[in-house]
Amino acid sequence: MENLLYINRRIHPLDILENIVEFENYSYTRPSPDELDLSVSGKNCNYNKNFNWNNKLEGIHVALFFDTKIPQYRLEEVYKLTIKINELVWLGHFDIWTNELKLLFRYNLLLSGGIMPTNEQCQSLFKHILDTADKYYPSFQYVIWGGNKADEAITNAIFTTIGES
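Thresholds applied
Residues numbered from 1 in each chain as written. Predicted model: local features only at pLDDT ≥ 70, side-chain atom pairs only at ≥ 80, totals over all residues. Heavy atoms only, no water. pLDDT = per-residue confidence, 0-100. Contact = heavy atoms within 4.5 Å. Pairing = 2+ DSSP bridges. Helix = DSSP H or I, 4+ residues; strand = E, 2+ residues; numbered from the N terminus. Axes fitted to C-alpha atoms, helices over the stretch in contact; angles between N-to-C directions. Phe/Tyr/Trp six-rings, centres within 6.5 Å; stacked < 30°, edge-to-face > 60°. Buried < 20%, exposed > 50% of the residue type's maximum accessible area, 1.4 Å probe, protein only. Lys NZ or Arg CZ within 6 Å of the ring centre and 35° of its normal.

### What to know about the confidence of the model for the protein
In this model, the protein carries a mean pLDDT of 88, and residues with pLDDT of at least 70 account for 89%. Within the model, the stretch residues 1-7 combines pLDDT values under 50 with 10 contacts to residues more than four positions away or in other chains.

Okay, structure coming up:
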């Protein structure tokens, strides 16, 4: 049986993402056919999203960079927090770009065999990445700029409130 999602790659997979980005009126650049960069506003800060297509692996790598730099003296505690948070995240993971001491969230979407991403997948991908970054941003700030311990930050991150004040 033929896979109904299989499409000959005459359309670049990032073209589908670019169409969504244009529809949502995001500011973006397309430095090369295999790369798409955009800036988005989260609940607490701005993020830079980078999408890269890897033809050999047939996958899209997504990196969402936080608009903050980690001071060297807080790096060890941020590493501890990153490990603790990654244990809670089901899809994707947080990482530290060591050459620039930047915090980022990474995700990969494999499309092996010529499968193209659907609009629904892309919308879910955008939402998941932004929601996850927004959820844990305060915890990272609590450690980076608040000078607190990873254990305290993770306790606050998993505490959920019901309702609104």
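### Focus on the sheet that holds strand S2 (residues 35-41)
Strand order in this open sheet of 6 strands is S1-S2-S3-S4-S6-S5, and the pairing throughout is antiparallel. The open sheet has two free edges, formed respectively by strand S1 (27-32) and strand S5 (93-97), since each of these has just one partner strand. Shown here is a sheet whose adjacent strand axes are inclined to one another by a mean of 25°, direction ignored. The sheet contact formed by S2 and strand S3 (residues 46-54) spans 7 bridges and is antiparallel. Bridge assignment links valine 40 to a residue of S3, and that residue is tyrosine 47. Sheet strands in contact with helix H3 (residues 119-144) are S2, S3, strand S4 (59-69), S5 and strand S6 (102-110), and its direction is about 30° off that of S4.

### Let's talk about the packing of aromatic side chains
One pass over the structure, following the stated rule, counts 9 aromatic pairs. With a centroid separation of 5.5 Å and an interplanar angle of 20°, the aromatic rings of phenylalanine 51 and phenylalanine 126 are classed as stacked. Within this pair, whereas phenylalanine 51 is found in strand S3, its partner phenylalanine 126 is found in helix H3, the two being separated by 75 residues in sequence. For phenylalanine 126, a relative accessible area of 7% gives the class buried. A ring pair is formed by phenylalanine 94 and phenylalanine 140, whose centres lie 5.3 Å apart and whose planes are at 50°; its orientation type is tilted. Highlighted residues: phenylalanine 94 in strand S5 and phenylalanine 140 in helix H3, separated in sequence by 46 residues. On the basis of relative accessibility, which here comes to 2%, the residue phenylalanine 94 falls in the buried class. An aromatic cluster of at least three residues, connected via ring pairs, comprises Tyr47, Phe66, Phe94, Phe105, Tyr136, Tyr137 and Phe140. Across the ring face of phenylalanine 126, the terminal group of lysine 49 is positioned such that the distance to the ring centre comes to 4.2 Å.

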